[in-house]
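Descriptive structure summary
Chain by chain, the residues:
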Protein chains: 2
Amino acid sequence: MNASSENKQDRLHAVAAEVAARVEEVMRSDLESALQGCDPFLVEVLEYGLFGGGKRIRPLLAVLSASICGRRDDDVYLLAAAFEYLHVATLIHDDVIDHASDRRGREAVGRKYGMAAAILAGDWLHARSMHLVGRLTGSEGLDIFCRATGAMVDGEFLQLRHVGDAGIGEDEYFAVIARKTGSLIASTCAIGALFGGGDSERQQAMQNYGEKVGAAFQVVDDLLDYLGSRQQTGKKVGNDFIEGKVTLPVIAAMEQAGDEERLELLELFSGDRTGDGAYGHLYGLLERRGGFQRAQQVAEHLVQEAVESLQVFASAENEETYGLLAAIAEYILVRNK
Amino acid sequence: MNASSENKQDRLHAVAAEVAARVEEVMRSDLESALQGCDPFLVEVLEYGLFGGGKRIRPLLAVLSASICGRRDDDVYLLAAAFEYLHVATLIHDDVIDHASDRRGREAVGRKYGMAAAILAGDWLHARSMHLVGRLTGSEGLDIFCRATGAMVDGEFLQLRHVGDAGIGEDEYFAVIARKTGSLIASTCAIGALFGGGDSERQQAMQNYGEKVGAAFQVVDDLLDYLGSRQQTGKKVGNDFIEGKVTLPVIAAMEQAGDEERLELLELFSGDRTGDGAYGHLYGLLERRGGFQRAQQVAEHLVQEAVESLQVFASAENEETYGLLAAIAEYILVRNK
């Protein structure tokens, strides 16, 4: 990074921390009113699920998307909270589905409180998020939001279909991540723009930005599953392989691999994936065939496209917010957790 | 039943079948458009979950609630479908939570397609139901609906809290069933009335009616868990005991029991509940102490209150719908599955 982009990242971190603090405050007061008279165990599970760190990237995107369209009042933090609710709801359900033992360096909700509590707490957050989006953005916003949640489920199904199949192509991979990760981030940006009073061109621009940011984010996430360290990511490295998730480094390596290596890759994914030997073998193959490098290039390209989507907002007045949105996209490439 | 109430029940069954057929048609066409381009496995799981029988009582209540407030157009069937979606979503998630092997005489969704598919399909239906309610009734309807879904989750948590504790009182029992069953049925009726153009008095009347119907329904359901036959209910008799769910027959028997019997009851619920001996012992005790009789009386009283809530609608013009809503409440007392 050069000096200017370092400054941008510093500024981003300061704003992100400020937004995160305000959103957490709003979440706490929203929970207090929404959970009045509710079972204390429900309250405990929700608080555990919601306040265990988390970068609050979706709330930040909601706030900036509204801001770049001209709206900067307090209500936007409640809208922002709705996206975090939905995000956490999907994490909680995903962790139940994956039998995950931890998340962000702590026990996963399902592991700590049991599957029943986890499924129900996810349902509660799901309902609350829709409630807020419907209330704050009407049926137009709710439409975008519900299409996104439907797409997320569809993406999970597509992913289930591909488990253990190292023969899928990039198209199938991008179809999964567009639904699984891109759709919520894109809807966050589009609804933020709608809430901010942006016209359809601006809503579409933020939708595009969100799609690219979401895809880049997932590509890097999938890359970190191989290259990250457990200490930094809070996740076990090599987890995707164990679960049979075929991600871009694998697909890219397959494309460059010779016949024998392709067979090896297919067999590695369809065989026993729990041994250390298999993972080491796979890792070497991906490295040799440029799988990691290709994934990094794709992420860079997506980030560039994300930033280009912001063109329509280029003006002196928007300089600060524009710079922050660009910095979020660029941050994806330097994050290590 | 006398001849007049037999006629009313016949008429109810005819109308219920007609509404069920129309709602199923609407659900099929709604799914077709909402699931365009989606993973075929998701489609299969949803169709299996939605079209496996089911009495479609919630859709019927939605249609009649709108009708008694003066609206009888086609859109009401889509609104009605939304309530069935949410109902089925909760059944699917509940069956995962309870590790249920079957539902309505067929394999439960989670058993047939796996936990991951079941959780995700439930999430999809949840989102779709909110989407439709928001679109058709605006944020006013969505408000009622989301409060109900929040209450349902809260009811499940309350129920989890009480598992195996035969010392709970009627208040705690009614607090659980009001949330778990009453809230969705009450919101179905209230939102139906709102959609139908009913004023707040009429919305409140239908809300009250729904609360009472929902409570009566659950009391009878809990009674059938002891008295029903597997052939008729499609459920294993004595299931609640095995799961440690303390329902009205137990609570009522506790109130009439002597010290020694109370201790027996507490021990039966906190001990090993899987043996036939324990169930037989419990059954005899509940019968002897009038637990079943008391639950039946409570159900009758709730049904009476439900019918009384309809007073505000009494008019020559509404006679048919009024009679059907009353017949639904009365049907609860004669159903055996």
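Residues numbered from 1 in each chain as written. Chains lettered and ligands numbered in written order. Predicted model: local features only at pLDDT ≥ 70, side-chain atom pairs only at ≥ 80, totals over all residues. Heavy atoms only, no water.

A closer look at the overall build of chain A
Each helix and strand in chain A was counted, giving 15 helices and 2 strands. For chain A, the C-alpha radius of gyration of 20 Å lies close to 20 Å, the compact-globule estimate for 337 residues. Along the first, second and third principal axes, the C-alpha set of chain A runs to 60 × 50 × 35 Å. Counting over 337 residues, chain A shows a buried share of 59%. Expressed as a percentage of contacts within chain A between residues at least 6 apart in sequence, the contacts between residues at least 24 apart total 75%. Split by element, the accessible area of chain A, about 13500 Å² in all, is 46% carbon and sulfur. (Helix = DSSP H or I, 4+ residues; strand = E, 2+ residues; numbered from the N terminus. Rg over C-alpha atoms; globule rule 2.2 N^0.38 Å. Buried < 20%, exposed > 50% of the residue type's maximum accessible area, 1.4 Å probe, protein only. Contact = heavy atoms within 4.5 Å. Areas by Shrake-Rupley, 256 points an atom, 1.4 Å probe, with all protein chains shown as cover.)

What to know about the side chain of Thr188(A)
Along the chain, the position of Thr188(A) falls in helix α7 (residues 170-195). Note on Thr188(A): relative accessible area 0%, which makes it buried.

A closer look at the environment of His301(A)
Residue and element names in this part refer to chain A. Relative to the elements of secondary structure, histidine 301 occurs in helix α14 (residues 291-309). Since its relative accessible area comes to 44%, histidine 301 is described here as partly exposed. In this structure, the C-alpha to C-alpha distance between histidine 301 and alanine 216, residues 85 residues apart in sequence, is 8.4 Å.

Some details on the interface of chain B and chain A
Residue-level contacts link 40 residues of chain B with 39 residues of chain A. When the two sides are added together, the surface that chain B and chain A hide from each other amounts to roughly 3500 Å², 74% of it contributed by carbon and sulfur. Across the contact surface, chain B and chain A share 2 salt bridges. Taking the shortest distance from any N to any O, the salt bridge between Asp39(B) and Arg161(A) comes out at 2.7 Å. Where chain B packs against chain A, one counts 9 residue pairs in polar contact (both at pLDDT 80 or more). Put simply, the parts of the chain that give the side of chain B that touches chain A at least two residues each are α2 (40-50), α4 (75-97) and α6 (115-162) of chain B. Counting residues per element, the side of chain B that touches chain A draws most heavily on α6(B), at 28 residues. Residues belonging to the side of chain B that touches chain A are distributed by class as follows: 22 nonpolar, 9 polar and 9 charged. (Buried area = accessible area lost by both parts, 1.4 Å probe. Salt bridge = Lys/Arg side-chain N within 4 Å of Asp/Glu carboxyl O. Polar contact = N/O pair within 3.5 Å; in protein donor to acceptor, adjacent residues only side chain to side chain. Nonpolar A, V, L, I, M, F, W, Y, C, P; charged D, E, K, R; others polar.)

A word on the packing of helix α14 (residues 291-309) of chain B against helix α15 (residues 319-334) of chain B
Residue and element names in this part refer to chain B. Two elements in contact, α14 and α15, have axes separated by 9 Å at closest approach and are oriented at 175°. Considering their axes alone, α14 and α15 lie roughly antiparallel with respect to each other. Contact residues: α14 offers Gln296, Ala299, Glu300, Val303, Ala306 and Val307, while α15 offers Tyr322, Ala326, Ala329, Glu330 and Leu333. The class makeup of the residues in the contact of α14 with α15 is 8 nonpolar, 1 polar and 2 charged. (Axes fitted to C-alpha atoms, helices over the stretch in contact; angles between N-to-C directions. Parallel < 35°, antiparallel > 145°, perpendicular 65-115°, else oblique.)

Some thoughts on unusual backbone geometry
Despite not being glycine, His99(A) shows a phi value in the positive range, around 55°. Summarising the element assignment, His99(A) is placed in the loop between α4 (75-97) and β1 (102-103). The exposure class of His99(A) is exposed, given its relative accessible area of 61%. Residue Arg104(B) is not a glycine yet carries a positive backbone phi of 50°.

Re the pattern of salt bridges
Under the counting rule described, the total for this entry stands at 36 salt bridges over all chains. For the salt bridge of Glu170(B) with Arg294(B), the shortest nitrogen-to-oxygen distance reads 3.1 Å. Taken as a pair, Glu170(B) in helix α7 (residues 170-195) and Arg294(B) in helix α14 lie far apart in primary sequence, 124 residues in all. On the basis of relative accessibility, which here comes to 13%, the residue Glu170(B) falls in the buried class. Salt bridges sharing common partners tie together Glu24(A), Arg56(A) and Glu84(A).

Considering the packing of aromatic side chains
To describe a pair of aromatic rings, you give the distance between the ring centres and the angle between the ring planes. Going through the model one piece at a time under the given rule, you end up with 22 aromatic pairs over all chains. Measuring from centroid to centroid gives 5.3 Å for Phe157(A) and Phe41(B), while their planes differ by 65°, and the two rings are edge-to-face. One end of the pair, Phe157(A), is in helix α6 (residues 115-162); the other, Phe41(B), is in helix α2, on a second chain. For Phe157(A), a relative accessible area of 0% translates into the label buried. With a centroid separation of 5.5 Å and 80° between ring planes, the pair formed by Tyr48(B) and Tyr113(B) is classed as edge-to-face. Taken as a pair, Tyr48(B) in helix α2 and Tyr113(B) in helix α5 (residues 109-113) lie far apart in primary sequence, 65 residues in all. Each member of the pair, Tyr48(B) together with Tyr113(B), is buried. Site record: aromatic cluster; members linked through ring pairs are Tyr226(A), Phe241(A), Phe269(A), Tyr279(A), Tyr283(A) and Phe292(A). For the cation-ring pair, Arg106(A) lies above Tyr48(A), with the distance from its terminal atom to the ring centre recorded as 3.8 Å. Arg28(B) extends its terminal NZ or CZ atom over the ring of Phe51(B), reaching a point 3.7 Å from the ring centre. (Phe/Tyr/Trp six-rings, centres within 6.5 Å; stacked < 30°, edge-to-face > 60°. Lys NZ or Arg CZ within 6 Å of the ring centre and 35° of its normal.)

Comments concerning the packing of α6(A) against α4(B)
The relative placement of two packed helices comes down to the angle between their axes together with the axis-to-axis distance. Where α6(A) meets α4(B), the closest approach of the two axes is 9 Å, and the angle between their N-to-C directions is 160°. Compared by their axis directions, α6(A) and α4(B) come out roughly antiparallel. Judged by the sense of rotation from one axis to the other, the crossing of α6(A) with α4(B) is right-handed. Residues Met115(A), Ala116(A), Ile119(A), Leu120(A) and Asp123(A) of α6(A) lie in contact with α4(B), whose contacting residues are His93(B), Val96(B) and Ile97(B). For the contact of α6(A) with α4(B), a count of residues per class yields 6 nonpolar, 1 polar and 1 charged. (Left-handed = near helix turned anticlockwise from the far one by under 90°.)

Observations concerning empty space enclosed by the protein
All names here are of chain B. Counting across every chain of the model gives 2 cavities of 30 Å³ or more. By volume, the largest cavity is sized at about 130 Å³. Lining the largest cavity we find 14 residues, and of these Gly49, Ile92, Asp95, Arg103 and Val109 sit closest to its centre. Going through the elements one at a time, α2, α4, β2 (106-107) and α5 are the ones with two or more residues in the lining of the largest cavity. The leading source of residues in the lining of the largest cavity is α4, at 4 residues. Looking at the lining of the largest cavity residue by residue, the classes come out as 6 nonpolar, 3 polar and 5 charged. (1 Å grid on protein atoms, 1.4 Å probe; cavity = no way out; pocket = protein on both sides within 12 Å on 5 of 7 lines; lining within 4 Å. Points joined across faces, edges and corners; volume = space filled by probe spheres on them.)

On their own, these measurements won't tell you what the molecule is for.
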